[in-house]
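Take a look at the letters that make up each chain.
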Amino acid sequence: MQQDILLIDDSKQIHTLVTSMLGEDPVRIHSAFDAQYGLTLAASMHPDLILLDVEMPGVNGYEACRRLKGDPVTATIPIIFLTARTTTDEVVRGLNLGAVDYVTKPFKLSEMLSRIRAALRTSRLIRLLEEEALIDSMTGLGNRAMFDQRFEAEVALRSKSGNPLSCIVLEADQFNFITETYSRQFGDYALSEIAVALTETGRVEDIACRLERERFAVLCPYTELEEAVTLAEQMRVAIANIPFARGDKSLSMTCSFGVSQSLSAYDRTLLERAQFALDRSKNGGCNRVLADATQVPLESAAA
């Protein structure tokens, strides 16, 4: 499996050298020639490892590292400093900022490869542990911890980019009746099928999670309210058309939806307002998509 390395260095020769040195390894090298662009690239692509030059004009490597570790979107990405500075104080300073290692210039091929490969192994292990802790075992979607983590990351990213952020919350209608009439196991099966529909209907950038029992949420980056309502309607139809069947048991199931969009750069009421819209949807008859009442009163109902 290929891993992504982001190299932030103002020297084109260093980019050429590093790319050549890692040519046989299963990695993709992404280049940034200044720290500011490197910070933007790191937030958008979330690489497995960052190689960061210390001495750059403008924002230097130490400041770039401080910002990367202070941003929840990039905080867990391992960083290796590239530097000609070899004093103990300089090394300690970088490690205290959160870097995992130092590689000194001029590079020794064997040493550099060994340090990069070790950092990539650590990065892979961290991601595996994160996935195990953040995945809902029944549906394969993210769990509530995953949602909370990604929510904070997307809010932080929106505060810098200004791009819209929307949230869809949905809940299976009459779920208690279904589990009491059929079985809890059948209810679990139905929820797993809803999860499949969300994954298949959603876009690559959407983040679908199971919040609790029969309630799900989908974070939609770069998405205005009207577009999110349209996406929720597509999900509603897809779920309503699922032929839920297991053995001799079959039924149709619907979901109600609530949708909201961020009102400001640091708006953290997104989930709460989407859940209020969901409650209105369920109280009004279920199997509907309703938008947050504080925003454009968009809505759609099942025919």
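Residues numbered from 1 in each chain as written. Predicted model: local features only at pLDDT ≥ 70, side-chain atom pairs only at ≥ 80, totals over all residues. Heavy atoms only, no water.

### Brief notes about the environment of Leu 22
Test applied: Helix and strand assignments come from DSSP, with helices taken as H or I runs of at least 4 residues and strands as E runs of at least 2, each series counted from the N terminus. By definition, residues are in contact when any of their heavy atoms lie within 4.5 Å.
Position of Leu 22 among the secondary structure elements: in the loop between helix H1 (12-21) and strand S2 (27-32). Among residues more than four places away in sequence, those in contact with Leu 22 are Ile 5, Val 27, Ile 29, Leu 113 and Ile 116.

### Points about the environment of Val 218
Assignment of secondary structure puts Val 218 in strand S8 (residues 215-221). Val 218 sits 138 residues away from Ile 80 along the chain, and the two C-alpha atoms are 34 Å apart. If we skip the residues at most four places from it in the chain, Val 218 touches Ser 166, Cys 167, Ile 168, Leu 170, Asp 206, Ile 207, Ala 208 and Met 235.

### Considering the packing of helix H2 (residues 35-45) against helix H3 (residues 61-70)
As a reminder of what qualifies: Interaxial angle, 0 to 180 degrees, is taken between N-to-C directions of lines fitted to C-alpha atoms, where a helix line uses only the stretch in contact. When an angle is under 35 degrees it counts as roughly parallel; over 145 it counts as roughly antiparallel; between 65 and 115 it counts as roughly perpendicular; any other value is oblique. Crossing chirality is assigned from the near helix's rotation relative to the far helix, an anticlockwise turn below a right angle marking it left-handed and a clockwise turn marking it right-handed. Any residue outside Ala, Val, Leu, Ile, Met, Phe, Trp, Tyr, Cys, Pro, Asp, Glu, Lys and Arg is labelled polar, Gly included; the first ten of those are nonpolar and the last four are charged.
At their nearest, the axes of H2 and H3 sit 10 Å apart, and the two run at 20° to each other. Judged on the interaxial angle alone, H3 and H2 are roughly parallel. Between H2 and H3 lies a crossing whose hand is right-handed. Every residue of H3 that contacts H2 at Ala 35, Gln 36, Leu 39 and Ala 42 is listed here: Ala 64, Arg 67 and Leu 68. Residues of the contact of H2 with H3, tallied by class, amount to 5 nonpolar, 1 polar and 1 charged.

### Some details on the nonpolar core
For clarity, the cut-off: Buried residues of nine kinds, namely Ala, Val, Leu, Ile, Met, Phe, Trp, Tyr and Cys, make up a nonpolar core once their side-chain atoms join them within 4.5 Å. To sort residues, take the accessible area from a 1.4 Å probe on protein chains only and compare it with the maximum for the residue type: under 20% means buried, over 50% means exposed, and anything in between is partly exposed.
Ranked by internal contacts, the top residues of the largest apolar core, which has 34 residues, are Ile 168, Leu 170, Ile 194, Ile 239, Phe 244 and Phe 257. Contributions of two or more residues to this core are made by strand S6 (165-172), helix H7 (175-181), helix H8 (184-201), S8, helix H9 (225-240), strand S11 (255-261) and strand S12 (288-291). When residues in this core are grouped by element, the largest group, 8 residues, is from H8. The next biggest cluster of nonpolar side chains, apart from the first, holds 21 residues, and it includes Ile 8, Tyr 62, Leu 68 and Ile 79.

### Structural notes on the packing of aromatic side chains
Quick note on the threshold: Any pair of Phe, Tyr and Trp rings, taking the six-membered ring for Trp, is counted once the centres come within 6.5 Å. Such a pair is stacked with planes under 30 degrees apart, edge-to-face with planes over 60 apart, and tilted for the rest.
Tallied over the full model, the rule gives 6 aromatic pairs. Ring geometry for Tyr 62 against Phe 81: centres 5.4 Å apart, planes inclined by 70°, an arrangement best described as edge-to-face. Of this pair, Tyr 62 sits in helix H3 while Phe 81 sits in strand S4 (residues 79-83), and the two are 19 residues apart along the sequence. By relative accessible area, Tyr 62 is classed as buried at 2%. By relative accessible area, Phe 81 is classed as buried at 0%. The interplanar angle of 15° and the centroid separation of 5.9 Å between the aromatic rings of Phe 147 and Phe 151 together place this pair among those described as stacked. Of the two residues, Phe 147 and Phe 151 both sit in helix H6 (residues 144-161), 4 residues apart, roughly one turn of that helix. Of the two residues, Phe 147 and Phe 151, neither departs from the other in class, the shared state being buried.

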